[in-house]
Structure formats: structure tokens, C-alpha cells
Amino acid sequence: MKKWEKNVRRVVPYTPGEQPNQSDMIKLNTNENPYPPAPEVREALRTLDTDELRLYPDPSANELVSAVAEVYGVKKDQVFVGVGSDDVLAMSFLTFFNGDKPILFPDITYSFYDVWADLFRIPYERPLLDENFHIRKEDYFKENGGIIFPNPNAPTGVAMDLEDVEEIISKNQDVIVIVDEAYVDFGAQSVVPLIEKYENLLVVQTLSKSRSMAGMRIGMAFGDAALIRYLNDVKYSFNSYTMDRTALAAGTASVKNQEYFKKTCRKIIETREWTKKELKALGFCFEDSMANFIFASHESCPAEELFQALRSRHIYVRYFPEGRTSDYLRITIGTCQEMEVLIAFLKEYLGQRQISGNR
Ligand SMILES: *Cc1c(COP(=O)(O)O)cnc(C)c1O
């Protein structure tokens, strides 16, 4: 080991889902939206004045913040925006989780939380999901330095009732509770309205999934004006210009078209419900998902075998080989046609497997 290496901040990085690039692939591995962004996004980028790129963007992101505040019926000083919700979440960990007591998040959840906790040297504990992969709210009623969980949870897709989420928030008013609503638009209930009632609540959302903007990197947080002020103080101490001019223009255009957004979410929900029925008929088991993915295991075929079989057909799904998730595949909901191809492939593969008496 070189001498300078003892001064290095060593981290085990987050592993993003694979981004393969084949013309015939069906990509169901990173929860992207199969539909394009709202048409106004194309227009916003087409008419972007490139001469203005010589100027720094608005550090307060006022245009985007105003559009978000209007659409969500909150005040501008209750909104924070960043470079994807990953940036918003990292900033939130840095801002709010500075106690000596461990923060709490589920054992099976978004795999970035422990990476940030390690990066920022925040102690943490991970209460186990119950045997059906549901969060046990009682696990979050003990002393802690802060709480974070997604609702619906990832990669399980399981949503918690509004009353249960509220109970976790109300019983933890001495710490900040972050609810990561990356998938809330696909059928779960949002706690954004509760920011009026609880000043310890921060709700984080993203334009990546339900608004088809993963490539643009835009996320947002809703909370009491005091929380947003603290977040901005940290942001301005780190990088004042996190959002560039293209992201501000495209994000504003995207947020303003609620109708298109609701229509594409409805289509995905319909396709998800169809896919659930087909998967059940093929012998898959899963908890009910309220997200744009299904976390499923098969009654007889190991998940890893299916993962490889799908992969060789250029159908990409996500597989988490460690621990309690190793029997499951996380399958993103694509277009109706993509899901038909997936189901047809599984039908044939599992059928062949049965005939050959394979295991
Ligand atoms: C996808 C995802 C995010 C991050 O999304 P961004 O693209 O960074 O906005 C955050 N939390 C969860 C649970 C996610 O699945």
C-alpha cells in the first residue's frame, strides 16, 4: 500500500444496472419508462438558445421549482431540485443524518442507501422486512438518528398504506424521516400533503421513472421550508449549479404536461396488471406490486437460470444474487408488446424444461 493511500476515502460503490446496447434487446432491468417524454420536452430542447450556454444557469432553478410547486400545490420554498433523486438523496443524507444514533432503513431496499451511509460515515441499522417482504412499522418506533425508506419499496414493489407511513413519521418527530417516492405515481399514495403537518418529513421524487426522463437527471424533494433551506445551504456549499440549462428547460416542460404523464402511467399500470396475471399462470409468485416492476420468483425454476436464459435471448431483467433476494427477478414493465414477447419466451422455456424433466 502506498503511503498516500491511507488518506484515501475508500468506498464500495453502488453497482448500477447494466446498460447493454443491442438493436433487438428488450430492456427490463433498470425500471426505465418504455414511453418517450412529453412532446413539449422535445420542443424545449429544440428551441434551447445555445448562445446562452456561455452563461451559468440559475442556481435557484426558479423556473423548474415554480413549475413543480404549482403542479403539486405546494409553496416554492417547500421544493428542492437536484440532478436526479440520487443527487437529492445524497444531499439529504449529508444534511440531515448527522447524529450519533444509527439511521434506519430496511434490509431489502434501494441499494444506494448503505453506500451513502458508508460514504458519509453515518451509522445505520437495517430492520428485516417480514417473510412476505413487507416493512414492519414497529421496527421504526425505536430511538434512531433518522429514517429512510421507499414507498413503494424497491426492489419488492410493495406499498405501505398512508396511515402506516404517517405513523412512522408521527412517532419520529425528533428526527428526519425521508420517504423516497421514486415509484409512487404507479398506484401508491403520496405523503406530499403531509409536509404541511410534519416538519420532520422530507418526500423525494424523480422525473426518471414516471416521467420518462432518466437520461436527463432530475429529482426533487418536498418538505417544510426550514428543511429546504438546510438542503440549499448544503447544496450551495458543494456545487451551486447542480442543474444545467438543458435540464431546467426540459424538466419544466415535462412537469407542466400532467395529462401526458397520467396517460402513460395508466398504460404502464394496465400492462403491469396484465403481466401479473400471465406470470401467475406460469407459476410465478410475487407480492402485489404498486411500482413499474414486478419482483417475482418461480415455483420450480431458479431465478439465476431464468435470468441467464432471458439474457441469451437479449431480454434483460435485474437479478440480485445475494441473500434473501436470490430467488427473485425484478422485471420492469415495458410496453405491452415487450411484455408479450417476455411472456411468450417464458412460456416456451418453462414448457421445454418440463418436457425434458429438467430438475
Ligand atoms: C431509481 C431510484 C432512485 C433514483 O432515481 P434518479 O434517476 O436518480 O432520480 C431513487 N430511489 C429509488 C428507490 C429508485 O428506484
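Residues numbered from 1 in each chain as written. Predicted model: local features only at pLDDT ≥ 70, side-chain atom pairs only at ≥ 80, totals over all residues. Heavy atoms only, no water.

Following the criterion strictly, the structure yields 21 aromatic pairs and no others. Ring geometry for Y14 and F112: centres 4.3 Å apart, planes at 10°, overall stacked. Of this pair, Y14 sits in the segment before β1 (26–27) while F112 is found in the loop between β3 (103–104) and α4 (113–119), placing the two residues 98 residues apart along the sequence. A cation sits over an aromatic face here: K235 above Y236, 5.0 Å from the ring centre. Across the ring face of Y35, the terminal group of K267 is positioned such that the distance to the ring centre comes to 4.1 Å. (Phe/Tyr/Trp six-rings, centres within 6.5 Å; stacked < 30°, edge-to-face > 60°. Helix = DSSP H or I, 4+ residues; strand = E, 2+ residues; numbered from the N terminus. Lys NZ or Arg CZ within 6 Å of the ring centre and 35° of its normal.)

Moving on: a positive patch on the surface. Among the surface-exposed residues, K262, K263, R266 and K267 lie close enough to one another that they form a single positively charged patch. With respect to the helices and strands, the residue K263 is situated in helix α8 (residues 258–281). You can call K263 partly exposed: its relative accessible area is 45%. (Patch = residues over 30% accessible without salt bridge, like charges linked within 9 Å, V, L, I, M, F, W, Y side chains within 5 Å. Areas by Shrake-Rupley, 256 points an atom, 1.4 Å probe, with all protein chains shown as cover. Salt bridge = Lys/Arg side-chain N within 4 Å of Asp/Glu carboxyl O. Lys, Arg positive; Asp, Glu negative; His and termini not counted. Charge placed at Lys NZ, Arg CZ, Asp CG, Glu CD. Buried < 20%, exposed > 50% of the residue type's maximum accessible area, 1.4 Å probe, protein only.)

On to the domain arrangement of the protein chain. Once the domains are mapped, the protein chain shows domain 1 (23–35 + 259–355) and domain 2 (39–256). The distance between the C-alpha centroids of domain 1 and domain 2 comes to 27 Å. Interface area for domain 1 against domain 2, summed over the two sides, is near 2,000 Å², with a carbon-plus-sulfur share of 62%. For the domain 1 face of the interface with domain 2, the top three residues by lost area are F261, M290 and R324, together amounting to 32%. Among the salt bridges present, the one from R324 reaches D107, with a minimum N-O distance of 2.9 Å. Where domain 1 meets domain 2, there are nine residue pairs in polar contact (both at pLDDT 80 or more). If you list the elements that add at least two residues to the side of domain 1 that touches domain 2, you get α8 and β10 (293–298). When residues of the side of domain 1 that touches domain 2 are assigned to their parent elements, the largest contribution, seven residues, is made by α8. Residues belonging to the side of domain 1 that touches domain 2 are distributed by class as follows: twelve nonpolar, six polar and six charged. (Domains from an automatic or database assignment. Buried area = accessible area lost by both parts, 1.4 Å probe. Polar contact = N/O pair within 3.5 Å; in protein donor to acceptor, adjacent residues only side chain to side chain. Nonpolar A, V, L, I, M, F, W, Y, C, P; charged D, E, K, R; others polar.)

The next point concerns the pattern of salt bridges. This model, assessed by the stated rule, comprises 20 salt bridges. Of the charged contacts in the structure, one is a salt bridge between E166 and K197, with a shortest N-O distance of 2.7 Å. On the criterion of sequence distance, the pair formed by E166 in helix α5 (residues 162–170) and K197 in the loop between β6 (177–180) and β7 (201–206) is long-range, its members being 31 residues apart. Look at K197 and you get exposed, because its relative accessible area is 55%.

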